[in-house]
Amino acid sequence: MKDLSREVAMLCPLCENDQFECLDEEFEDGVDILDEVRFRCSDCGSVFTKEELIAENTEVLDNAVENIKEEFLKELQSKT
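This report concerns the structure included in the present document.

The rules behind the values
Residues numbered from 1 in each chain as written. Predicted model: local features only at pLDDT ≥ 70, side-chain atom pairs only at ≥ 80, totals over all residues. Heavy atoms only, no water. Helix = DSSP H or I, 4+ residues; strand = E, 2+ residues; numbered from the N terminus. Rg over C-alpha atoms; globule rule 2.2 N^0.38 Å. Contact = heavy atoms within 4.5 Å. Areas by Shrake-Rupley, 256 points an atom, 1.4 Å probe, with all protein chains shown as cover. Lys, Arg positive; Asp, Glu negative; His and termini not counted. Charge placed at Lys NZ, Arg CZ, Asp CG, Glu CD. Patch = residues over 30% accessible without salt bridge, like charges linked within 9 Å, V, L, I, M, F, W, Y side chains within 5 Å. Salt bridge = Lys/Arg side-chain N within 4 Å of Asp/Glu carboxyl O. Buried < 20%, exposed > 50% of the residue type's maximum accessible area, 1.4 Å probe, protein only. Core = buried A, V, L, I, M, F, W, Y, C linked by side-chain atoms within 4.5 Å.

**Thoughts on the overall build of the protein chain**
Across its full length, the protein chain holds 2 helices and 3 strands. Moving toward the C terminus, one meets the helices and strands of the protein chain in the order β-β-β-α-α. Here the C-alpha atoms of the protein chain give a radius of gyration of 16 Å, more than 25% beyond the 12 Å that 2.2 N^0.38 yields for 80 residues. For the protein chain, the spread of C-alpha atoms along the principal axes amounts to about 50 × 25 × 15 Å. Taking the contacts inside the protein chain whose residues are at least 6 apart along the sequence as the reference set, 43% of them involve residues at least 24 apart. Surface summary for the protein chain: the accessible area is close to 6,100 Å², and the carbon and sulfur share equals 47%. Of the charged side chains in the protein chain, 8 are positive and 23 negative, and the gap between their average positions amounts to 8 Å.

And the structure:
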C-alpha cells in the first residue's frame, strides 16, 4: 500500500501565515513537542501554544484526515 502520510501546515488564526518561530525549545519533529510550547508567527508576531494552534486549525486538520480517508478507500478498492 502506498504511503498516505501527510504534513499539514498550521496557519496563524490572525493572518493565515504558515511560518512560525519556536520560542521555547529546538526540535526536529513537531509531533513530540509538548502542548505548552509557544510559537510566534513570523508575519504578525502573535504567540500561540502548540495546543492553541491545533485548536485553531481544526478545520484544516479535519480536511486532511478526510482526504486521507478517501485515498485509503480508493487504494483498498483498487486492490480488490
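Next comes the rest of the account.
**What to know about a nonpolar patch on the surface**
Nonpolar side chains collect at one region of the surface, where Met 1, Phe 72, Leu 73 and Leu 76 lie side by side and expose about 380 Å² of accessible area between them. What makes Leu 76 partly exposed here is its relative accessible area of 35%.

**A closer look at the nonpolar core**
Formed by Cys 12, Cys 22, Ile 33, Val 37, Phe 39, Cys 41, Phe 48 and Leu 53, the largest nonpolar core amounts to 8 residues. What Cys 41 contacts, discounting residues up to four positions off in sequence, is Cys 12, Cys 15, Asn 17, Gln 19, Phe 20 and Ser 46.

**Looking at the environment of Cys 15**
Mapped onto the fold, Cys 15 is located in the segment before β1 (20-22). Of the residues examined, Cys 15 reaches a relative accessible area of 33% and is grouped as partly exposed. Separated by 10 residues in the primary sequence, Cys 15 and Glu 25 have C-alpha atoms spaced 24 Å apart. Once residues within four sequence positions are removed from consideration, Cys 15 is found in contact with Cys 41, Asp 43 and Cys 44.

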